[in-house]
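Each chain, letter by letter, is given below.
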Amino acid sequence: MAIKVLVVDDSSFFRRRMSEIINADPRLTVVGNATNGKEACELVKVLQPDVITMDIEMPVMDGITAVREIMKIAPTPILMFSSLTQAGAKATLDALDAGALDFLPKKFEDIARNRDEAVDLLQKRVAELAGKRFYLRRNNGASSAIKPVSTPSVRATVAMMPNVATTMNTRISTGATSTSRAVTGAVITPKIPLRFRASGKKYQLVAIGTSTGGPVALQQILTQLPANFPSPILLVQHMPMSFTPAFAVRLNNLCRIEVKEAQDGDILRAGVAYLAPGGQQMMVDGRAPNARLRIIDSGERMNYKPCVDVTFGSAAKVFNDRVLSIVLTGMGADGRDGARMLKANGSTVWAQDEESCVVYGMPQAVAKAGISSHDLPLDRIAECILIELGLS
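Residues numbered from 1 in each chain as written. Predicted model: local features only at pLDDT ≥ 70, side-chain atom pairs only at ≥ 80, totals over all residues. Heavy atoms only, no water.

This part takes up unusual backbone geometry. With an omega dihedral of 0°, the bond running from Ala-288 to Pro-289 counts as a cis peptide bond. Mapped onto the elements, Pro-289 comes out in the loop between strand S12 (280-285) and strand S13 (292-297). Look at the link from Lys-305 to Pro-306: it is a cis peptide, with omega at 10°. Note on placement: Pro-306 falls in the loop between S13 and helix H9 (308-319). One non-glycine residue with positive phi stands out, namely Val-60, at about 70°. The residue Asn-320 is not glycine, and still its phi comes out positive at about 50°. You can see Asn-320 is positioned in the loop between H9 and strand S14 (323-327). Given a relative accessible area of 39%, Asn-320 falls into the partly exposed group. (Helix = DSSP H or I, 4+ residues; strand = E, 2+ residues; numbered from the N terminus. Buried < 20%, exposed > 50% of the residue type's maximum accessible area, 1.4 Å probe, protein only.)

Following this line, the structure appears as structure tokens:
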């Protein structure tokens, strides 16, 4: 059965172009079009799409308001289309806060190097997000898509869509207690104590890499860290150049630690999180513990700008076994090679677990390669960081 897509945009030209691209993929089919957010909310209830593509600026009801309303009435994966401007960055981050799962630039030339590559990326992104309807309904409290599930011991299999299952794989060497989900007509997610024991290692750096779903995940983790956090933090989020300044400011306003967009020559300081600038690479240089950051231009051949592998790999060379690294939700496998270098040098690697990811790509690559020592749910990662660093 084809994935049902609702296209929402006030431009008839963009709606037509999007519909042509989506319908060209045999996995996808456009079931409806809406010219504003209000129409979208009405059509969601009738058409029950698997994915929605949404513009931000529209008459009658804008995209951000529409996202909030849809998350109330029928939580559905939403892909936002945004302009790569400062105002567009803020609006897109607001849309992600409201519940949208991902975003893409509205201009094809900003998505990829050529049109064919951009079309392929767009189609893949829509198809990938379709599987997250259960994820959204679970986290927004909607019960219509939930079936009774019993989860024994550490492994739990959760029915997400017809003929599709996802396995929550919590590989904690000390014997983790899984989050039991015996559900009858509603979602119950009790916060069972996680049996996590600190390794006893000493750290001089925390490094986190992420992509799709990362802005919300990073916000959830970083807002739980205390102002006296004992080490610097490196953040690598796949994001356009015009978005990272606004994202750094947003995080800084929400967190007790300091968050800033990294600049060339920054000396790493405890309690400060450095966000890699979009369109460039962030590398660690010098000697621990007095290391500096180098911000360099990306070559044309680099797929990710910034790239988790680049940052993780440089951190491995400077800090050796003193890095706590975490790979969060994201499409693709960026971070796997850098995490392998970190592990080879004796550092610690964790991955976000499948159930709590928007896209289980990057963490899966790390877990499948046997690199991560723990696969953790998003809502427990900050807690485990504090335990590992002796703060809890």
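And the narrative resumes.
Right, let's talk about the side chain of Gln-352 for a bit. Note that Gln-352 resides in strand S15 (residues 348-352). Side-chain polar atoms of Gln-352 contact the backbone nitrogen of Thr-329, separated by 3.0 Å. Contact partners of Gln-352, with chain neighbours within four places excluded, come to Val-327, Leu-328, Thr-329, Cys-357, Tyr-360, Pro-363, Leu-376, Leu-378 and Ile-381. (Polar contact = N/O pair within 3.5 Å; in protein donor to acceptor, adjacent residues only side chain to side chain. Contact = heavy atoms within 4.5 Å.)

Glancing now at the pairing of S15. Sheet faces and side chains relate simply in a regular strand, where the side chains alternate between the two faces. In terms of burial, S15 is largely enclosed, as 5 of its 5 residues are buried. Of the two faces of S15, the one holding Thr-348, Trp-350 and Gln-352 and the one holding Val-349 and Ala-351 are both buried throughout. Two elements, S14 and S15, share 4 bridges in a ladder whose sense is parallel. Within S15, the position partnered with Ser-325 by the bridge is Val-349. For the handedness criterion, the β-α-β arrangement of S14, helix H10 (residues 336-344) and S15 is classed as right-handed. Across 3 bridges, the pairing between S15 and strand S16 (residues 374-376) is parallel. In the strand pairing of S16, Gln-352 is matched with Leu-376. Taken together, S15, helix H11 (residues 362-368) and S16 constitute a β-α-β crossover, and its handedness is right-handed. (Pairing = 2+ DSSP bridges. Right-handed = clockwise from strand over helix to strand, strands pointing away.)

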